[in-house]
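Architecture and fold: a report
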Amino acid sequence: MISVDEAKQYIHQHTQTDQTVVLDLYDACGYAVANDVFSPVDFPSFRQSAMDGYAFRFDDSDEDFVFFVEREIQAGDITDLSSIDKGEAIRIFTGAKVPDETDTVVMQEDVLVNGKEIRITNIDLKKGSNIRPVASQTRKGDCILKKGTVITAGAAGLLAGVGLSTIEVYTRPRCLILNTGRELVKPGHELQKGQIYESNSYALVAALKQLHLDVCEIVWVDDDEQLTISAIQTALEKTDMLLITGGVSVGDYDFVDSALEKNGVTKIFHKVKQKPGKPLYFGTKGNKIIFGLPGNPGSVLTCFYEYVVHCLHLKMGFADNGLLTIRLPLLHDISKKAGLTHFLKGKIKSTGVEVLDHQESYKMNAFAEADCLIVVDEATTDIQKGELVNLHILKF
Ligand code: AMP
Ligand code: MG
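So, here is what we can say about the structure in this document. In this text, all values refer to a predicted model and were calculated from it rather than measured experimentally. (Residues numbered from 1 in each chain as written. Chains lettered and ligands numbered in written order. Predicted model: local features only at pLDDT ≥ 70, side-chain atom pairs only at ≥ 80, totals over all residues. Heavy atoms only, no water.)

Right, let's get into helix α6 (residues 297-315). The sharpest bend along α6 reaches about 40 degrees and sits at phenylalanine 304. Just downstream of α6, glycine 317 is the residue with a positive phi angle, here 75 degrees. (Bend = angle between axes of the 7 residues up to and from the residue. Helix = DSSP H or I, 4+ residues; strand = E, 2+ residues; numbered from the N terminus.)

In the segment running from phenylalanine 43 into proline 44, the intervening peptide bond is cis, with an omega of -5 degrees. In this chain, lysine 275 is followed by proline 276 through a cis amide linkage whose omega measures 0 degrees. The backbone of lysine 271 shows a phi angle near 90 degrees, a positive value even though the residue is not glycine. Position of lysine 271 among the secondary structure elements: in the loop between β18 (266-270) and β19 (274-275). Under the relative-accessibility criterion, lysine 271 is labelled partly exposed at 32%. (Buried < 20%, exposed > 50% of the residue type's maximum accessible area, 1.4 Å probe, protein only.)

A few words on the sheet that holds strand β17 (residues 241-245). The strands that make up a sheet are held in pairs by hydrogen bonds between backbone atoms, and each pair lies either parallel or antiparallel. Taken together, the 6 strands give an open sheet; going across it, the order is β16-β13-β17-β21-β20-β18, and neighbouring strands pair in mixed fashion. At either margin of the open sheet sits one strand with a lone partner, and together these are β16 (215-221) and β18. Adjacent strand axes in the sheet meet at a mean angle of 15 degrees, parallel and antiparallel pairs treated alike. Note: β17 against strand β21 (residues 288-293), 5 bridges, orientation parallel. Each residue of the ladder has a partner; that of leucine 243, found in β21, is phenylalanine 291. (Pairing = 2+ DSSP bridges. Axes fitted to C-alpha atoms, helices over the stretch in contact; angles between N-to-C directions.)

Have a look at this one:
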């Protein structure tokens, strides 16, 4: 059996970055840019007023700071006001082009208006105030986003602000969920004793949505070898990322491993020294990725967060991949046996991290509350309250 770190290294080695595509910027949120992006323009490209107020030449001010005002310039006016007279101030509005012959803007709250005359009351005003200099955000040719940066709302605004309306990004994989287990019943239907509701696909769909990924199909298969083989065969034709839940252990009715082999899938690893999710399976077929996620709902979601997210980030070309790790003090003592890495559902508080009750992998109440997974290494047995622990934040 391999360690958690080895499993992650294998995933790294065997995941290829997807193709690229040019998208309209409106549709590009959540994708990673496929190249360094350079600004085609200076931003701002002209000196902009930062305030509603008055533009004037600072060195023209008389001792009383009094100016006459006859002309105005509005945001969007493209003609330059020239021949500014001595003692003249120009009424100006936020975002407007500051006339070339002026060098300072006073905000309107800092003047007294008397007919066509203004007197500046702010004696601390400095030459050059309230003017956004040319290229003060971005100079033409500056790298504004590094390859692999994910387009957030802020990044979309940055790109559009320099005039880009399309962007080349890495594509997203099509994901298919295959549920195994004859005991499973779709929520909303009646349950017989001996049956349980199928919940894994709901957790996975929700988690994939956090990555802006839609599931192309959810397929169910009974615990039957032939049916599992043909369900996997059809699934592999339709998808780049196959997420199978259940049927991956060593029970008499677990057919996933052999069915994957019969479908020509190369097994990269099967079983990881971890709790929950020890029977985790990872394989490839060409560029396609196959995860066999141990069926207990807590195991499925832990393995998704710890491994599938990492793999999806790599496929989608994210420069930062996997969950963010931080260190916080533990709010209780914990102890475990050496031998497996434990992932504990935790909740971050202002003073540290709490280990939630109901850690067993068949239960989902802790996961419903958790915002992190506390990572307790293979060799560790006891951690005292107050000691720092590594946590993976369940946000990506
Ligand atoms: P397995 O990995 O198939 O042995 O399943 C382990 C446990 O997870 C069993 O108790 C299954 O009933 C349960 N299980 C498997 N698949 C699902 C699912 N899709 N939703 C909820 N529970 C599941
Ligand atoms: Mg099963």
